[in-house]
Protein chains: 2
Amino acid sequence: MQLLKDRIRKDGKIKSGNVLKVDSFLNHQMDIKLFEEIGKEFKRRFEGEEINKILTIEASGIGIACIVAQYFDVPVVFAKKTKTKNIAGDVYTTKVESFTHGKVYDIIVSKEFLGPGDKVLLIDDFLANGKALEGLAALVKDSGAHLVGAGIVIEKGFQTGGERLRAEGIRVESLAIVDGMDEEKGTIWFREDE
Amino acid sequence: MQLLKDRIRKDGKIKSGNVLKVDSFLNHQMDIKLFEEIGKEFKRRFEGEEINKILTIEASGIGIACIVAQYFDVPVVFAKKTKTKNIAGDVYTTKVESFTHGKVYDIIVSKEFLGPGDKVLLIDDFLANGKALEGLAALVKDSGAHLVGAGIVIEKGFQTGGERLRAEGIRVESLAIVDGMDEEKGTIWFREDE
């Protein structure tokens, strides 16, 4: 998605450790007009697929998922992160390892809001090592719902998550795949759109 | 807002301890069509006010804020919750006490995304004791931005937050004010719209 790549080049900041900061438009301050274009593009890529629910994970996936949902005309469910040992009530749960924060946390979704018959599109802002997306996919599987695919705004193509998830048979559509970054020169290489 | 009150009566669940669960449409599963109506209503109530930014707090405020932002044609910034002692970088920060979770946490907003010249509308799903909203208002004040007001989806009128914030001179617009609930009978009393 050229508009997105241009925006990342313009406003993204490359930090040491292969960190790409896009918090001026994607995940702290949020450019809703850009989110609308993202929604249109996901709708185009998943055209013809039957989808009745979008699943995302708090916090930075929620805003994007809600705008994207308008183009699919479906509700959004967000998985909650929790460090609570005792999960109350009837929930699906799985563990997710966060490299950013160096922690393992549980993610949960109430059984009321996901189940057999649901046709689910996952939405998230970033895909790097793929642990969060893998956790969401595990919740969908546990629930008996059908996983249609995943829509990702920015994929770090030099990390292993995308490759692994696609090898598992999950359809992953990333709007911008970063294949490399040079912190000193401030340059970013994107994979060509197919 | 009658549509919202009807929805709360239909799908809200009253739990012991004056807990109102609305997670089937507001803050776990999210009904985006309802959020659109909420956006229109906030736009109507704040008509004529100059607003260039919406500020909310993770996680459950984000989805509502993003849909509402479409009607104001502005970006959204969400305050992040953190328990990290050492806040990195240039941020505004304040402490918020959570009664639900029995903890004190820091909320932060990057100085890049809030400052003098900003005219800010706060958006959140719930107002009860008002600590979260008070924290957001403190960040706005610290930044030198102008606080236009706060748009709340559900206010618990029998808790003190709304009254206190209004007494401080903050314009708080709540779309449904719950004045009481009866767990056994499953009934909810709403304040009349003005």
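See the structure above.
In what follows, the accompanying structure is described. Just so it is clear, the structure is predicted and the values come from calculations on it, not from any experiment.

**Notes on unusual backbone geometry**
Outside of glycine, negative phi angles account for most residues, and trans bonds account for most peptide bonds.
All names here are of chain A.
No. 1: The step from Glu58 to Ala59 runs through a cis peptide bond, and the omega angle for that step is -5°.
No. 2: With respect to the secondary-structure elements, Ala59 resides in the loop between strand S4 (53-57) and helix H3 (60-72).
No. 3: Despite not being glycine, Asp73 has its phi angle at roughly 60°, a positive value.
No. 4: Structurally, Asp73 can be placed in the loop between H3 and strand S5 (76-82).

**Digging into the environment of Asp179 of chain B**
Residues and elements named next belong to chain B.
No. 1: Tracing the chain through its elements places Asp179 in strand S10 (residues 172-182).
No. 2: Asp179 gets classed as partly exposed once you look at its relative accessible area, which sits at 34%.
No. 3: Put simply, Asp179 and Leu122 are 57 residues apart on the chain and 22 Å apart in space, counted from C-alpha to C-alpha.
No. 4: If sequence neighbours within four positions are ignored, Asp179 has contacts with Gly157, Phe158, Trp189, Phe190 and Arg191.
No. 5: Reaching out from Asp179, the side chain makes a polar contact with the side chain of Arg191 at a distance of 2.8 Å.

**Here we look at the environment of Glu41 of chain B**
All names here are of chain B.
No. 1: Relative to the helices and strands, Glu41 is located in helix H2 (residues 32-45).
No. 2: For the pair formed by Glu41 and Ser60, sequence separation is 19 residues and the distance between their alpha carbons is 19 Å.
No. 3: Aside from chain neighbours lying at most four places away, what touches Glu41 is Met1 and Leu175.
No. 4: A polar side-chain atom of Glu41 sits 2.9 Å from a polar atom in the side chain of Arg45.

**Things to note about the relation of the copies chain A and chain B**
No. 1: Placing chain A over chain B gives an RMSD of 0.0 Å and needs a rotation angle of 180°, together with 0.0 Å of translation along the axis. In symmetry terms, the pair is related by a two-fold rotation axis.
No. 2: Both copies share a contact surface, since 100% of the interface residues of chain A are interface residues in chain B too.

**What about the interface of chain A and chain B?**
No. 1: Contact with chain A, which involves 33 residues of that partner, is made by 33 residues of chain B.
No. 2: Our count for the chain A to chain B interface comes out at four salt bridges.
No. 3: The salt bridge involving Asp73 of chain A is made with Lys33 of chain B; its shortest N-O contact spans 3.0 Å.
No. 4: Summed over the shared surface of chain A and chain B, the result is 15 residue pairs in polar contact (both at pLDDT 80 or more).
No. 5: Secondary-structure elements contributing two or more residues to the side of chain A that touches chain B are strand S3 (29-30), helix H2 (32-45), H3, S5 and strand S7 (103-110) of chain A.
No. 6: No other element matches H3 of chain A, which puts seven residues into the side of chain A that touches chain B.
No. 7: Bridge analysis of S3 of chain A against strand S5 (residues 76-82) of chain B gives two bridges, and the strand direction is antiparallel.

The rules behind the values
Residues numbered from 1 in each chain as written. Chains lettered and ligands numbered in written order. Predicted model: local features only at pLDDT ≥ 70, side-chain atom pairs only at ≥ 80, totals over all residues. Heavy atoms only, no water. Helix = DSSP H or I, 4+ residues; strand = E, 2+ residues; numbered from the N terminus. Buried < 20%, exposed > 50% of the residue type's maximum accessible area, 1.4 Å probe, protein only. Contact = heavy atoms within 4.5 Å. Polar contact = N/O pair within 3.5 Å; in protein donor to acceptor, adjacent residues only side chain to side chain. Least-squares fit on C-alpha atoms with pLDDT ≥ 70 in both. Salt bridge = Lys/Arg side-chain N within 4 Å of Asp/Glu carboxyl O. Pairing = 2+ DSSP bridges.

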